[in-house]
Amino acid sequence: QVPLVESGGGLSQAGGSLRLSCAASEPSVQAMGWFRQAPGKEREFVAAISWSGGFIVSTDSVEGRFTISRDNARNAAHLQMNALEPEDTAVYHCAASVNRLYGTSLRDRNLFDYWGQGTQVTVSS
């Protein structure tokens with residue numbers, strides 16, 4: 001079991017920034033990503049990064065605004081969210097895979113094994 005703990009959620013005005021962090025208890029993961037779920041909508045992919053291969057992917061709606069990164073210990077990921085929009089309001093969940101994921105596989109939530117409890121991001125207009 002690889003527990004994940006998210007932090008950094010909160011309230012921001014439109015155009016503001018938030019930084020989400022996700023930490024694993026040990027560096028056993030090979031990929032980490034962020035998915036979000038807004039009220040009444042399905043959980044959707046936001047961004048992901050692989051430990052091996054250097055793959056970084058994100059959904060079109062956050063391209064140029066959100067940046068995912070990993071720390072040197074290879075057991076944590078961060079999501080820097082800039083130019084926030086009200087449409088970004090959602091519960092953001094960190095996900096991790098102990099298997100290597102490449103390219104488009106990083107977009108598939110079904111390929112991630114572990115999930116954090118979620119952190120609320122609210123963007124007001």
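As the structure is a computational prediction, the values presented were derived from the model and not from experiment. (Residues numbered from 1 in each chain as written. Predicted model: local features only at pLDDT ≥ 70, side-chain atom pairs only at ≥ 80, totals over all residues. Heavy atoms only, no water.)

1. Some remarks on the overall build of the protein chain
Counting secondary structure elements, the protein chain contains zero helices and eleven strands. Of the regular secondary structure in the protein chain, the N- to C-terminal order runs β-β-β-β-β-β-β-β-β-β-β. In terms of C-alpha radius of gyration, the protein chain reaches 13 Å, essentially the compact-globule figure of 14 Å for 125 residues. Based on the C-alpha atoms only, the size of the protein chain along its principal axes is roughly 40 × 30 × 25 Å. When each of the 125 residues of the protein chain is scored for burial, the buried share is 45%. Counted over contacts in the protein chain with a minimum sequence separation of 6, partners at least 24 positions apart contribute 61%. Carbon and sulfur atoms make up 46% of the accessible area of the protein chain, which totals about 6,100 Å². Here the protein chain contributes 10 positively and 12 negatively charged side chains, and the mean placements of these two sets differ by 4 Å. (Helix = DSSP H or I, 4+ residues; strand = E, 2+ residues; numbered from the N terminus. Rg over C-alpha atoms; globule rule 2.2 N^0.38 Å. Buried < 20%, exposed > 50% of the residue type's maximum accessible area, 1.4 Å probe, protein only. Contact = heavy atoms within 4.5 Å. Areas by Shrake-Rupley, 256 points an atom, 1.4 Å probe, with all protein chains shown as cover. Lys, Arg positive; Asp, Glu negative; His and termini not counted. Charge placed at Lys NZ, Arg CZ, Asp CG, Glu CD.)

2. Topic: the pairing of strand 5 (residues 44-50)
Where burial is concerned, most of strand 5 is hidden: six out of the seven residues are buried. Between strand 4 (residues 31-37) and strand 5, which pair antiparallel in sequence order, lie six residues; one of them, Gly 40, sits at a positive phi of approximately 80°. Sheet analysis places strand 5 next to strand 6 (residues 56-58), joined by three bridges and oriented antiparallel. Following the sheet pairing, Ile 49 is matched in strand 6 by Ile 56. Counted between consecutive antiparallel strands, the loop separating strand 5 from strand 6 contains five residues, among which Gly 53 sits at a positive phi close to 95°. (Pairing = 2+ DSSP bridges.)

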